[in-house]
Amino acid sequence: MHHNSTLVRARIERFIEERVRPALYRDTVALEVRAWEVPDEPVPFTDAVGQDFEAFSTGQTWGKPWGTTWFHVTGTVPAAWADLIDDGFDGRVELVVDLGFLSGQPGFQAEGLVFNPDGRILKAIEPFNHYVPLTAGPGETIDLFIEAASNPDVGSDWNYRPTPVGDQATAGTEPIYRLRRIDVGLLDRAVWELDRDLWTLTGLVDELSPALPRHAEILRALENVVDGMDPDHISATAAQGRALLATVLAQPAYASAHRVIAVGHAHIDSAWLWPLRETIRKCARTFSNVLDLMDQDPDFVFACSSAQQYAWMKEHYPDVFERIRVRALEGRFVPVGGMWVESDTNMPGGEALARQLLAGKTFFMREFGIEPLEVWLPDSFGYTGALPQIVTAAGSRYFLTQKTSWNETNLMPHHTFSWEGIDGSRVFTHFPPVDTYNSVLSGAELARAERQYSEKGSSNLSLVPFGYGNGGGGPTREMLAAAGRLQSLEGSPTVELASPLAFFEEAESDYPNPPVWSGELYLEFHRGTYTSQAKTKAGNRRSEHLLREAELWAATAAVRAGAGYPHERLAEAWQTVLLLQFHDILPGSSIAWVHQQAEASYAALAGELEALIADAIGALNDPSDAGEPVGFNASPFAVSGVPPLAAGPVVSGGSVTADATDGGFVLRNGVISVTIDARGLITSLLSEVTGREAVPAGQPGNLLQLFRDTPTQWDAWDLDDHYQRSGTDLVDVESVELVESAGDRAAVRVVRRFGTSTIEQVLSLQGNASAVDIVSTVDWHERQKLLKLAFPLDVHADRAASEIQFGHIHRPTHSNTSWDAARFETCAHRWVHVGEPGFGVTVANDSTYGHDITRKADPNGGTFTLVRQSLLRAPVFPDPTADQGRHVLRTSVKIGEDILDAADEGYRLNLPLRIVEGAAAVEPLVVSSTPSIVIESVKLAEDRSGDLVVRLYEARGARASGRVIVDAGVDRIVETDLLERELADPPALAAVDGATAELRLRPFQIVTLRVALA
Ligand SMILES: [Zn+2]
């Protein structure tokens, strides 16, 4: 037999494109269109409907960037279509709209939402989803409104060039779309079904080995369709065409075919290349599509994460929310994940990550009576080793992501496995081998899932999230048609529609002893996200600590002084912080608009939280008792003589001396001495107690280094290893002067200029402190540069400890393996610590996350350790003005062997004493007897019962036992999960004696105590 499959395949493709697709609508008729452009920000339907609409015609341009145009669409369904339908033609009347869609991705461009004249939402209009089903029959009138959003395509082919469109102020005002059609159409259902048959089979045949008989059989059947149908009468011969495919479509799947559970999904980024307000509309559009599809297909299940997105619907689109509620109760619109948003997990603090789950799950349980048991983070940029315990402590059991498939260097070995966190908690985890969260259920995607699934032989089941995502859109009827055809089709994985929970339960029982991955799921990509948009990061860090203070003092005031606890205001403040931890906001990868708004939100939040703190301190203060200034210490460690979580007189630290030497200065306080040379560099950091020097000879610290930062792609996201091949030491100095030298503090100011930027650093030493403090004020005007602050340390260490949520993680300082080498930039919270037995150094920060910690050959023999903080970047995409302006960044370097020295330092730098004039001392409400049992949160219970909730963790990475004592009348103390639900079998609470809880903690264990007050 002669073979010509390539030609046959091309002929089939042309037949589909030129004959079948144009015949999808038996007839279309243009409708009358009038338009009203909203002058400013979007308005609700009720405001739009009464406006003065002007005549508008197809071909006209519309829509400035980020604008909104309402189209009023009227007309009549052609009466002549009645004859066709009477003759048995299987058709459906639809609105067909092309807003002038771009060829690129859905969700990154124009979209519309269609309303009835009474304001009821019907469905959205999107790229690749142009229709709305109509109930009007032949001869009946059509009257609809379309709210069309002229969102610009910020990504624009992903060339990463700077673009002005991400900021409303610079986006321009010229229209960017041209209306192509607003028609009423009669869908030819037979042609549509034929088109779906062809799409599924061409997708499958392209993945099959040409050596298989199945390949030839499908190809032959497809060719028979082209031969058997009349190209000039597609509608009339569509049924014939379908009959020719019936046999190949009826062949069942191989017995060993991979099994796919397909979950309808729309990964809607809560902000990214569009502002937050647009996400609210994106959710309304996508969910309307989903609700419409649910009306058409009873098997369709849709999973949606992010309580925030549901909360937006409840507030802005209550009708959509009520329709969601109905489908949620049916188990079809499935709340998944249980977090407030799909947050970043590298940077949020421990308490914040706990609150993501607390706030998210509480919302779903309150609104729907549903507790999601999965954590669903398909797209976040790497996953902290603290997450398994946080997931477990929140009562959840499963974890899903696919982002690790983006790794540049190493392939993760498992797709279904048990993920073990730093404390030993394990969570059943799945990485969909389809490697996308936006599947369209194509043959290529399903074949990829089967081909890549690494657990084959032990497990044969994977999950495929399908639906247009990122900017929304969601599943389409075409995807559901594919799922139907793929239930059992020879050569393809089988496809079944179900919920994520159904998948996880089956996958777990199917694979009871999966392999284990221990530690963080580091993403070998997007390493710049620990540093980009430093003001957003500083806002997050400050807000987390202000929230800690506000809750601590408000709870203390409630118990001690009977003050009202501001439940509502704290919940709102938390929701703002949780939202801004979304995986494109806190990582700094959004447009300028988003980051400007984030900075404004953080500023407003600081005002609000300061007011709450002032109220609480005011309630605690007895004016008759007023004496000396007191310090309010929210740290779990004593600060300047003030006990943890208490307020009291500040103890002076003792004197500090400053001596000039060789153009520089030596600062001494009897604990350490710091030598700052004429270049403003630290040439010595000496323990005056032990005589041990922390700075290697000839390798000064406080060294600012400027690197070229031109990533190969994904500018705001990526820091590429090639940055290391450039680099300038900023040693030129404008001035080094002693600015403070009296009493218990001495300070040296160092000023440098470089490029178009300036840096002023104040290096200071306080009495009795074992740390030197460095405040860097940077007026930053560089572009595509990375600024690091380097501290070579005379420590021989093969690993470094970095603080993460509720503990720390050790990472190697070498690059022995490709896995080690790929971790050339890592995330740490408040501190990193390197040590040898008997000696250690902490480098702490107040808003920096990016670090690199490496070993260097010491010319004098051996190695020293180089710790560098990544202070600032200046990526030019998607925000061309990212990071420009003034930044204040605090750093400290402290000598101390124990990891608790580091923990103490991290809190000190982030929770400075709050000095209040004339206040009374306040005894701590809660005391931990053991330094390594660290109190992370003190608050009142979410259920507003007045119970006290205390969250603590073991911070050293060792077993600990101790007591937690509540200084109040106590009725009962129980151990709970993160959702404040009592645990029947308390893992850490060994005994309770009145107001004292006896605890036994495993390394890094998180414990939540709930205290009913007498
Ligand atoms: Zn995303």
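Residue positions within a chain follow its written sequence, with the count starting from 1. Side-chain atom pairs in this predicted model are given and counted only at pLDDT of 80 or more, local residue features only at pLDDT of at least 70, and totals for whole chains, interfaces and linings cover all residues. Side-chain calculation: all heavy atoms of the structure are included, whereas hydrogens and water are not.

Before going further, it helps to examine the overall build of the protein. Secondary structure elements follow DSSP: runs of H or I of four or more residues count as helices, runs of E of two or more count as strands, with numbering from the N terminus. Secondary structure assignment for the protein yields 19 helices and 52 strands. With the radius of gyration taken over C-alpha atoms, the globule rule is written as 2.2 Å times the number of residues to the power 0.38. The C-alpha atoms of the protein give a radius of gyration of 31 Å, which matches the 31 Å a tight globule of 1014 residues would have. Here the C-alpha coordinates of the protein stretch approximately 100 × 65 × 60 Å along the principal axes. Here the protein holds 1014 residues, and 62% of them are scored as buried. Contact criterion: two residues are considered in contact whenever any of their non-hydrogen atoms come within 4.5 Å of each other. Of the contacts formed within the protein by residues at least 6 apart in sequence, a portion of 74% connects residues at least 24 apart. Only the protein chains shown count as covering a residue, and every accessible area follows the Shrake-Rupley method with a 1.4 Å probe. Summed over all atoms, the accessible surface of the protein reaches about 35,400 Å², with 49% contributed by carbon and sulfur. Classification of residues uses two cut-offs on accessible area relative to the type maximum, computed with a 1.4 Å probe and protein chains only: under 20% is buried, over 50% is exposed, and between them is partly exposed.

Before going further, it helps to spend a moment on the pattern of salt bridges. When a carboxyl oxygen of Asp or Glu is within 4 Å of a side-chain nitrogen of Lys or Arg, the pair counts as a salt bridge. Tallying each qualifying case throughout the model produces 79 salt bridges. With a closest N to O distance of 2.7 Å, Glu13 and Arg9 form a salt bridge. Here Glu13 pairs with Arg9, and both are found in helix 1 (residues 5–20), just 4 residues apart, close to one helical turn. Take Glu13: its relative accessible area is 32%, and that puts it in the partly exposed class. For the salt bridge of Arg277 with Glu278, the shortest nitrogen-to-oxygen distance reads 2.6 Å. Take Arg277 and Glu278: they sit in the same class, and that class is buried. Linked through salt bridges whose partners overlap, the residues forming this network are Glu41, Glu111, Glu147, Arg277, Glu278, Arg281, Lys282 and Arg285.

Each helix should span, by expectation, one fewer than its residue count multiplied by 1.5 Å. With 12 residues, helix 9 (residues 318–329) should cover 16 Å at 1.5 Å per step; its first-to-last C-alpha distance of 16 Å lies within 8% of that length. Every buried residue of helix 9 is listed here: Val320, Phe321, Arg323, Ile324, Arg325, Arg327 and Ala328. Looking at the buried residues of helix 9, the elements they touch are strand 8 (121–125), helix 7 (276–296), helix 8 (307–316), strand 15 (333–335) and helix 10 (350–368). Gly331 occupies a position one or two residues after helix 9 and carries a positive phi of about 85 degrees.

This paragraph deals with the packing of aromatic side chains. Between rings of Phe, Tyr and Trp, where Trp is taken as its six-membered ring, a pair exists when centres lie within 6.5 Å; planes separated by under 30 degrees are stacked, by over 60 edge-to-face, and by other angles tilted. Overall, the coordinates contain 50 aromatic pairs when judged by the stated rule. With 5.7 Å between their ring centres and 80 degrees between their planes, Tyr160 and Phe877 make a pair best called edge-to-face. Of the two residues, Tyr160 sits in the loop between strand 10 (141–150) and strand 11 (177–178) while Phe877 sits in the loop between strand 42 (863–872) and strand 43 (885–895), which places them 717 residues apart along the sequence. The exposure class of Phe877 is buried, given its relative accessible area of 1%. Chaining the aromatic ring pairs together yields one cluster made of Phe108, Trp158, Tyr160, Trp272, Trp274, Trp406, Phe525, Trp714, Trp717 and Phe877. Remark: a charge is flagged as sitting over a ring if the NZ atom of Lys or the CZ atom of Arg is within 6 Å of the ring centre and within 35 degrees of the ring normal. Here Lys403 stacks its cationic end above the ring of Trp406, 3.2 Å away from the centre of that ring. Above the plane of the ring of Tyr907 lies Arg830, whose end atom (NZ or CZ) is 4.1 Å from the centre.

Distances define the donors: N, O and S atoms within 2.8 Å of the metal qualify, as do those within 3.2 Å of Na, K or Ca. Water is excluded, so some sites may look unfinished. Protein-derived ligands of the zinc ion are His267 (NE2), Asp269 (OD), Asp379 (OD) and His583 (NE2), with the metal-ligand distances lying across 1.9 to 2.1 Å. Sites are called tetrahedral only when four donors show all angles between 85 and 135 degrees, square planar or octahedral only when four or six donors show opposite pairs over 155 degrees and all other angles between 65 and 115, and irregular in any remaining case. Between the 4 donor atoms coordinating the zinc ion, the angles at the centre fall across 91 to 159 degrees, so the site counts as irregular. Spacing between the donor residues of the zinc ion along their common chain follows H-x1-D-x109-D-x203-H. Looking at Asp269, the relative accessible area reads 0%, which means it is buried.

Mapped onto the elements of the fold, His258 is located in the loop between helix 6 (234–250) and strand 13 (259–265). Since its relative accessible area comes to 1%, His258 is described here as buried. Separated by 3.0 Å, the side chains of His258 and Asn460 make a polar contact. Dropping the residues within four chain positions of it, His258 is found in contact with Ala449, Glu450, Tyr453, Asn460, Leu461, Ser462, Pro493 and Thr494. Whenever two N or O atoms come within 3.5 Å, that pair is a polar contact, provided that in protein one can donate a hydrogen and the other can accept it, and provided that, for residues adjacent in sequence, both atoms are side-chain atoms.

In this section: the sheet that holds strand 35 (residues 785–793). An order of 30-29-35-42-41-38 is seen for the 6 strands of this open sheet, with the pairing classed as antiparallel. Two strands close off the open sheet at either side, each with one partner strand: strand 30 (728–729) and strand 38 (826–827). When DSSP finds two or more bridges between two strands, those strands count as paired. Looking at chain direction, strand 35 and strand 42 are connected through 7 bridges and run antiparallel. By the bridge assignment for strand 42, Lys788 is matched with Ser870.

Attention shifts here to the pairing of strand 34 (residues 771–780). With 8 of its 10 residues buried, strand 34 lies for the most part within the structure. Between strand 33 (residues 757–766) and the antiparallel strand that follows it, strand 34, lie 4 residues; Asn768 among them carries a positive phi value of about 70 degrees. Relative to strand 43, strand 34 is paired through 10 bridges, and the arrangement is antiparallel. For Trp780, the partnering residue across the bridge sits in strand 43 and is Gly885.

The next thing to look at is the side chain of Thr429. Here Thr429 lies in strand 19 (residues 426–430). Only 3.0 Å separates the side chain of Thr429 from the backbone oxygen of Val427, close enough to count as a polar contact. Discounting chain neighbours no more than four positions away, the residues touching Thr429 are Phe399, His415, Thr416, Phe417 and Trp419.

What follows is about the sheet that holds strand 6 (residues 91–98). Pairing is antiparallel in the open sheet, where 4 strands are placed in the order 1-12-6-9. Because the sheet does not close on itself, it has two edges, and the strands there are strand 1 (25–30) and strand 9 (131–133). Across the sheet, the mean angle separating the axes of adjacent strands is 30 degrees when strand polarity is ignored. With 8 bridges joining them, strand 6 and strand 12 (residues 181–188) adopt antiparallel strand pairing. Paired with Glu94 across the bridge in strand 12 is Gly185. The sheet contacts of helix 4 (residues 189–205) involve strand 6 and strand 12, and relative to strand 12 the element is tilted by about 85 degrees. Simply put, an axis is a line fit to the C-alpha atoms, just over the touching stretch for a helix, and the angle between two N-to-C directions goes from 0 to 180 degrees.

Among the secondary structure elements, Asp584 is positioned in the loop between helix 16 (567–580) and helix 17 (592–620). In this structure Asp584 comes out as buried when scored by relative accessible area, which is 2%. Along the sequence, Asp584 and Ala271 sit 313 residues apart, while their C-alpha atoms lie 6.7 Å from each other. A distance of 2.8 Å separates polar atoms of two side chains, one belonging to Asp584 and the other to Ser589.

Moving on, we come to helix 8. With 7 of its 10 residues buried, helix 8 lies for the most part within the structure. On its buried face, helix 8 is in contact with helix 7, strand 14 (302–304), helix 9, strand 15, helix 10 and helix 16.

Right, let's talk about unusual backbone geometry for a bit. For the peptide bond that leads from Phe877 to Pro878, omega is 5 degrees, which places it in the cis range. Here Pro878 shows up in the loop between strand 42 and strand 43. In the Ramachandran plot, Asp883 falls in the positive-phi region, its phi being about 70 degrees despite a non-glycine side chain.

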